[in-house]
Structures are given as structure tokens and as C-alpha cells.
Amino acid sequence: MFAIGEKKEEREKGVTMEVCAAQLEPATKLLSTEDWAKVAIAYEPVWAIGTGLTATPEMAQETHKSIRDWISDKVSPEVATAIRIQYGGSMKGANADALLAQPDIDGGLIGGASLKPDFFNVIKGCSSP
């Protein structure tokens, strides 16, 4: 699991993808195309971890799509299509359905919320493939 994400001030400055790209860049030098098949990415906006704040589904989708497009350009279109990009910024029962409905969000990386009863609502938000 390779976790990337921006701080609140970086989001507000509009440099989210530049921050994520800078975090992903070293992996392109370390991993072969075959190695990427063993990697999953977690987009975790730092400003949302444990704060109760979360990206809107549209914000999360935009960032996930940008990450996928970046991987397509820098690694390969095949890797970009196959790689799992999960959202890890305060997913909970109230927003899991909408986040997981986005085409470039392949799952959720659930932290502290997995220890709360609301986690069952996150599970309900997951549809079968």
C-alpha cells in the first residue's frame, strides 16, 4: 500500500495533484512495470485523516482520476487501468455509498472508523463487483 495525499493548505492552494505526483515520482524509479501489479495506492488527504472532514465524492473522484491519468502517462496505460486506488480520508457510513460510486475510487482504506459500530454502514455501502 502506497499512501499519498495533501495537507489542507495545499488543497486550498490548488496544488493537490502536484503534491501527489511528487509523492508518486520516486516509485516510478524503484518499481518495474511488473512490480506495479503488487501495488495499491491510498489517496489519503492529510486534512481528512481523523478529523471527521472528508473530500466530497466529486473532489475525491477528481483526484483519483488525476492519479490514474498520471500513472498512465508516467508508468503505462495498462498499469493505470489495473491499479487499485482507494480513498482513505474519513470514509464512514454516511459517505461510503457516494464515494464508492465514483468510477476511479476502487475501495476505501478505513482506519479508526473500523472500530466503531458505524463501520457496518461502510460495509453496506460496498456493492458487489
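Below: a short report on this structure. Small disclaimer: the values here were computed from a predicted structure and weren't measured.

Notes on the overall build of the chain
And step 1. In terms of helices and strands, the chain carries 6 helices and 3 strands.
And step 2. Secondary structure elements of the chain, listed N to C terminal, follow the sequence β-α-α-β-α-α-β-α-α.
And step 3. A globule of 129 residues ought to have a C-alpha radius of gyration of about 14 Å, and the chain, at 14 Å, matches this closely.
And step 4. Each principal axis of the C-alpha atoms in the chain carries an extent, and together these give about 40 × 35 × 25 Å.
And step 5. By the burial criterion, 40% of the 129 residues in the chain qualify as buried.
And step 6. Restricting the contact set of the chain to residue pairs at least 6 apart, pairs at least 24 apart contribute 64%.
And step 7. On the chain, roughly 7200 Å² of surface is accessible, and the fraction owed to carbon and sulfur atoms is 57%.

Topic: the side chain of Q61
And step 1. Inspection of the secondary structure assignment puts Q61 in helix 3 (residues 57–74).
And step 2. Look past the residues within four positions of Q61 in its chain and what remains in contact with it is Q102, P103, D104 and I105.

Brief notes about the packing of helix 2 (residues 16–30) against helix 3
And step 1. Two elements in contact, helix 2 and helix 3, have axes whose closest approach is 10 Å; the angle formed by their N-to-C orientations is 40 degrees. As far as their axial angle goes, helix 3 and helix 2 are oblique. Where helix 2 crosses over helix 3, the handedness of that crossing is right-handed. Two secondary-structure elements touch here, helix 2 through T16, M17, A21, L24, E25 and T28 and helix 3 through T63, S66, I67, W70 and K74.
And step 2. Looking at the contact of helix 2 with helix 3, its residues break down into 5 nonpolar, 4 polar and 2 charged.

Considerations on the environment of K65
And step 1. Of note, K65 is situated in helix 3.
And step 2. A residue is classified by how much of its surface remains accessible, and K65, at 38% relative accessible area, is partly exposed.
And step 3. Distance from K65 to M1, taken between C-alpha atoms, is 18 Å for residues 64 residues apart in sequence.

With respect to the nonpolar core
And step 1. Among the nonpolar cores identified, the biggest contains 26 residues, and W36, I41, I67, I71, I83 and Y87 are the most heavily contacted of them.
And step 2. Listed by contribution, the elements that provide at least two residues to this core are helix 2, strand 2 (40–43), helix 3, helix 4 (77–82), strand 3 (84–87) and helix 5 (96–100).
And step 3. Excluding its chain neighbours within four sequence positions, the residues that come into contact with I83 are W36, V39, I41, R68, I71 and D106.

As for the environment of A22
And step 1. As for its position among the elements, A22 is in helix 2.
And step 2. The class for A22 is exposed, based on a relative accessible area of 52%.
And step 3. It is 9.4 Å that separates the C-alpha atoms of A22 and I4, two residues lying 18 residues apart in sequence.

Reading guide: rules and limits
Residues numbered from 1 in each chain as written. Predicted model: local features only at pLDDT ≥ 70, side-chain atom pairs only at ≥ 80, totals over all residues. Heavy atoms only, no water. Helix = DSSP H or I, 4+ residues; strand = E, 2+ residues; numbered from the N terminus. Rg over C-alpha atoms; globule rule 2.2 N^0.38 Å. Buried < 20%, exposed > 50% of the residue type's maximum accessible area, 1.4 Å probe, protein only. Contact = heavy atoms within 4.5 Å. Areas by Shrake-Rupley, 256 points an atom, 1.4 Å probe, with all protein chains shown as cover. Axes fitted to C-alpha atoms, helices over the stretch in contact; angles between N-to-C directions. Parallel < 35°, antiparallel > 145°, perpendicular 65-115°, else oblique. Left-handed = near helix turned anticlockwise from the far one by under 90°. Nonpolar A, V, L, I, M, F, W, Y, C, P; charged D, E, K, R; others polar. Core = buried A, V, L, I, M, F, W, Y, C linked by side-chain atoms within 4.5 Å.

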